[in-house]
Amino acid sequence: MLYQKHIRADKFPEYQLLFSLVRPGSVEERRKRALALIQGATIDWAFILDQADKHRLFPVMYSTVKNARLQSFLPDFAMKKLTRRYFGIVGYNLGLCKKLMEVLALLNGRNIPALPVKGAVLSHMLYGDSALRVSMDMDILVPKRCVAPARDALLSSGFSSRMGAITGKQFEQVLKYGREYEFLDQKNKYLLDLHWELGGPFRLFFDYGFCEDRMRTIRFQGRDVLVLSTEDTLLHLCVNGSCDIWQSMEQALCVAKLVERYPHLDWNTVTKLAEQKRCGRMLFTGLFLARDLFGISLPEKIAYRVETEKNVAGVVDRIYVRLLRGANRKSHMRMRAAQLPYYLAMRESLPEKVLYLLRRIFVPTTKDWRNRVAHPKFPFLCFLTRPYDLMSDFLEALKPLESNSKTGKNVAA
């Protein structure tokens, strides 16, 4: 297993126990694996809880401990912290689910097709329980033609825009080059991302029309809710994880859990969709992580692709440095520069790499549109200020080096 070489030897039992508590499989299987590791060993439970929090694994860990009757094997402080964090997450998720259903009812009431992605709906699809994922916000995908009426509906219902006073040509530019529109609810408690494209900085045009023919309906919170097909969900999980550089183990766990829970996945459809969107490397990277960390089984042909796909092993090695060792503290600009080789490695051809670089240099991000509203008559100025902002960030990142070099100190990470 590739991940093992990145784990400190003295913390290997703790990681093994954490993986045993959250990995897919029956409760009894997890109980047996956990007991084999707990009995006769000295476990650093504080470290396990820290890693579970960092990687958003608290809800699944708590569920296993409770259902596998392992409470008596945990020290009191660990069980108390685990319980407190779990019920805090449950409380927030309940409020988020309620708000999500209100938004879906609002949009559907105005004949706006709306499809929730990730969050509590994904938790329900994977575990049959909306509380077993740490949900930070609401993500809703709508057709591009419906973004304007959806925005108006949300604003009229009390949501506030985090994008500023964008109107007219400015809004047309955001719609053309952006991917999402950010809102806050009336109490500034819940964040809503209204998407018309999924796929992060890779610009894969993974939109409503692409998924529409394969969508399915599930029963969620007492209502029929439209969701991505299982195949599209797997692809989206791998693309979304790749966009985030797989910042938490929970992202890989979602991939593992989906493969385990839906054994009749149409793998031919999955690979064809990945080829169509040129994101096969992202798909196989996600499957590599899911198998390496959580031991899932894959069909022979898929396993072969995972093992032989170009650059996947090297990319995963880079991911583990960040995921398991912890990245050194860097300025935002330095961090983005350090991430660039990874993002280029995830593109599958030289033209795609060049296009990615050009987009990163010139095309404003959601953050750019939010923080620097373009002139109403000259919205294209945002594209000219984007390189300027990048250069300013770069020069700002150099300042600590300059100031500390005079004292003989080097603070480069």
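Above this note sits the structure.
Here, residues in each chain are numbered from 1, in the same order as that chain's written sequence. In view of the model being predicted, local features appear only for residues whose pLDDT reaches at least 70, and side-chain atom pairs are presented and counted only at 80 or more, with totals across whole chains, interfaces and linings using the full set of residues. Excluded from the side-chain calculation are hydrogens and water; included are all heavy atoms of the structure.

Caption draft 1: Geometry of the overall build of the protein. Under the DSSP-based scheme used, a helix requires at least four consecutive residues in state H or I and a strand at least two consecutive residues in state E, with every element numbered from the N terminus. What the protein contains, in helices and strands, is 19 helices and 7 strands. Counting only residues that meet the buried cut, the protein has 52% of its 413 residues in that class. Contacts between residues were defined by any pair of non-hydrogen atoms, one from each residue, lying within 4.5 Å. Counting contacts in the protein only where the partners sit at least 6 residues apart, residues at least 24 apart contribute 69% of the total. Partly exposed residues are those whose accessible area sits between 20% and 50% of the maximum for their type, while under 20% is buried and over 50% is exposed, using a 1.4 Å probe and protein chains only.

Caption draft 2: Representation of the side chain of E180 within the structure. Inspection of the secondary structure puts E180 in strand β4 (residues 180–184). Positive residues here are Lys and Arg, negative ones are Asp and Glu, while His and the chain termini are left out of the count. For salt bridges, the criterion is a side-chain nitrogen of Lys or Arg within 4 Å of an Asp or Glu carboxyl oxygen. Notably, E180 is buried but unbridged: the nearest opposite-charge side chain belongs to R179, and the N-O separation is 5.3 Å. The definition of a polar contact used here is a pair of N or O atoms within 3.5 Å, where within protein one atom must be able to donate a hydrogen and the other to accept one, and adjacent residues in sequence count solely through side-chain atom pairs. Here the side chain of E180 touches H195 through a polar contact of 3.4 Å, side chain to side chain.

Caption draft 3: Looking closely at empty space enclosed by the protein. Cavities and pockets are defined on a 1 Å grid built over the protein atoms alone: a cavity is a set of grid points where a 1.4 Å probe fits but cannot escape, while a pocket is an open set with protein on both sides within 12 Å along at least five of seven lines, and lining residues are those with an atom within 4 Å of any such point. Grid points are joined across faces, edges and corners, and a volume is the space filled by probe spheres set on the points. Counted according to the given criterion, the structure contains 2 cavities of 30 Å³ or more. The space that makes up the largest cavity amounts to roughly 80 Å³. In terms of lining residues, the largest cavity is bounded by P116, V117, K118, V121, L122, M125, V227, L228, T233, H236 and L237. Where the lining of the largest cavity is concerned, the elements lending two or more residues are β1 (115–117), α6 (119–127) and α10 (230–243). Any residue that is not Ala, Val, Leu, Ile, Met, Phe, Trp, Tyr, Cys, Pro, Asp, Glu, Lys or Arg is counted as polar, Gly included; the first ten are nonpolar and the last four charged. Here the lining of the largest cavity is composed, by residue class, of 8 nonpolar, 2 polar and 1 charged. Estimated volume of the second largest cavity: approximately 50 Å³. Every residue along the wall of the second largest cavity is listed here: L96, L100, P116, V117, K118, G119, A120, V121, D137, M138 and D139.

Caption draft 4: Up close: helix α7 (residues 147–156). Every buried residue of α7 is accounted for by V147, A150, R151, A153 and L154. When α7 is viewed along its axis, its buried side chains cluster within an angular range of 165° and face the same direction. Check the buried side of α7 and you find it contacts α5 (76–109), α8 (168–177), β4 and β5 (191–195). A positive phi of about 115° marks G158, the residue just after α7. This arc is built from the directions going out from the helix axis to the C-beta atoms.

Caption draft 5: Spatial organisation of a nonpolar patch on the surface. A patch consists of residues exposed above 30% relative accessible area that lack any salt bridge, with like charges linked at up to 9 Å and nonpolar side chains (Val, Leu, Ile, Met, Phe, Trp, Tyr) linked at up to 5 Å. Areas reported here follow the Shrake-Rupley algorithm with a probe of radius 1.4 Å; residue values treat only the protein chains shown as occluding. A cluster of nonpolar residues, L340, L350, V354, L357, L358, I361 and F362, forms a patch on the protein surface that exposes about 580 Å² of accessible area. Looking at the nonpolar patch, the element that brings in the most residues is helix α17 (residues 350–362), giving 6 residues. Assignment of secondary structure puts L350 in helix α17. Residue L350 is classed as exposed on the basis of its relative accessible area of 61%.

Caption draft 6: Geometry of the packing of aromatic side chains. Pairs were defined over the aromatic rings of Phe, Tyr and Trp, the Trp ring being its six-membered one, requiring ring centres within 6.5 Å. Orientation was assigned from the angle between planes: stacked under 30 degrees, edge-to-face over 60, tilted for the rest. One pass over the structure, following the stated rule, counts 13 aromatic pairs. Ring plane angle 70° and centroid distance 5.9 Å describe the contact between Y62 and F87, whose orientation is recorded as edge-to-face. Placement of the pair is Y62 in helix α4 (residues 58–67) and F87 in helix α5, with a sequence separation of 25 residues. Overall, the relative accessible area of 9% leaves Y62 in the buried class. Here the aromatic rings of Y92 and Y190 are separated by 5.3 Å at their centres, their planes lie at 55°, and the arrangement is tilted. Remark: Y190 occurs in the loop between β4 and β5 and Y92 occurs in helix α5; sequence separation between them is 98 residues. Three or more aromatic residues link up through ring pairs in this structure, and these residues are Y3, Y15, F19, F47 and F294.

Caption draft 7: Structural view of the environment of S248. Within the secondary structure layout, S248 lies in the loop between α10 and α11 (249–261). For S248, a relative accessible area of 4% corresponds to the buried category. Along the chain, S248 and L323 lie 75 residues apart, while their C-alpha atoms are 6.6 Å from each other. Apart from residues lying up to four places away in sequence, S248 is in contact with K54, H55, R56 and L323.

Caption draft 8: Region of the structure containing the environment of L191. Within the secondary structure layout, L191 lies in strand β5. Note: C-alpha distance between L191 and D139 (52 residues apart in sequence) is 8.7 Å. Residues contacting L191, with those up to four places away along its chain left out, are D137, M138, R162, F183 and L184.

Caption draft 9: Fine view of the nonpolar core. Nine residue types can take part in a nonpolar core, namely buried Ala, Val, Leu, Ile, Met, Phe, Trp, Tyr and Cys, and a core is a set of them joined through side-chain atoms within 4.5 Å. In terms of nonpolar packing, the biggest core is built from 97 residues, with M61, L234 and L287 touching the most fellow members. Element by element, the count of residues in this core is highest for helix α13 (residues 280–294), at 9 residues. Filtering out sequence-adjacent residues up to four positions away, L234 remains in contact with V255, L258, V259, L265, W267, V270, L283 and L287. With 36 residues, the next largest nonpolar core counts M138, V147, I166 and F183 among its residues.

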